[in-house]
Amino acid sequence: MRGLFLAFFLLLPSLSAADLTGTWIGLIASQNNRPSQDVAFQLAQQGTALSGKQYGDDLSSTFDGGVVEDGKVRFDVVIREQQGNQVNEVLYEYEGQIV
């Protein structure tokens, strides 16, 4: 598995007791001079637990086990990509600060 890290910041007023449930869109910065990727998330928050689905240009994947706590958010998404007869898993690790 290869990993990719993306830090993102949620810039919304008064999020101290906010619920991140909803649709969020953004870009994933690429490596090796490749173009950035569009990404969207459908998030569901219950208390400090976060789950949802990541939508990319060609693939999508569900996730759970995310955490929203102390003004920070963190979740991981595993995407399975097929290249010929080989299936690769790519781990996307997302974390950020709610400001």
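Residues numbered from 1 in each chain as written. Predicted model: local features only at pLDDT ≥ 70, side-chain atom pairs only at ≥ 80, totals over all residues. Heavy atoms only, no water.

*Asks:* Mind showing me how you'd approach the packing of aromatic side chains here?
*Replies:* Note on aromatic pairs: each is described by the distance of the centres and the angle between the planes. The final tally for this structure, using the stated rule, is five aromatic pairs. Aromatic pair Phe-63 and Phe-75: ring centres 4.6 Å apart, planes at 15 degrees, arrangement stacked. Here Phe-63, found in strand E5 (residues 60–69), pairs with Phe-75, found in strand E6 (residues 72–83); they are twelve residues apart in sequence, far enough to count as distant. In terms of burial, Phe-63 and Phe-75 fall into one category: buried. Considering the side-chain rings of Tyr-92 and Tyr-94, the 6.3 Å spacing of their centres and the 15 degrees angle between planes classify their relative orientation as stacked. A relative accessible area of 7% means that Tyr-92 is categorised as buried. One aromatic cluster is present, formed by Phe-41, Phe-63, Phe-75, Tyr-92 and Tyr-94 through successive ring pairs. (Phe/Tyr/Trp six-rings, centres within 6.5 Å; stacked < 30°, edge-to-face > 60°. Helix = DSSP H or I, 4+ residues; strand = E, 2+ residues; numbered from the N terminus. Buried < 20%, exposed > 50% of the residue type's maximum accessible area, 1.4 Å probe, protein only.)

*Asks:* Sorry, what's going on with the side chain of Ser-61 here?
*Replies:* Following the sequence through the fold, Ser-61 ends up in strand E5. When its relative accessible area of 13% is taken as the criterion, Ser-61 is described as buried. A polar contact is formed between the side chain of Ser-61 and the backbone oxygen of Val-78, at a distance of 2.8 Å. Apart from residues lying up to four places away in sequence, Ser-61 is in contact with Gly-52, Lys-53, Gln-54, Val-77, Val-78 and Ile-79. (Polar contact = N/O pair within 3.5 Å; in protein donor to acceptor, adjacent residues only side chain to side chain. Contact = heavy atoms within 4.5 Å.)

*Asks:* Looking at this structure, how should I read the pairing of strand E4 (residues 49–55)?
*Replies:* On any regular strand, side chains alternate: one points to one face of the sheet, the next to the other face. A one-sided burial pattern is seen for E4, the buried positions being Leu-50, Gly-52 and Gln-54 and the unburied ones Ala-49, Ser-51, Lys-53 and Tyr-55. The sheet contact formed by strand E3 (residues 37–46) and E4 spans seven bridges and is antiparallel. Within E4, the residue paired with Gln-42 across the bridge is Lys-53. Two successive antiparallel strands, E3 and E4, enclose a turn made up of two residues, where Gly-47 displays a positive phi of approximately 65 degrees. As paired strands, E4 and E5 are joined by six bridges and run antiparallel to one another. Bridge pairing links Lys-53 to Thr-62 in E5. (Pairing = 2+ DSSP bridges.)

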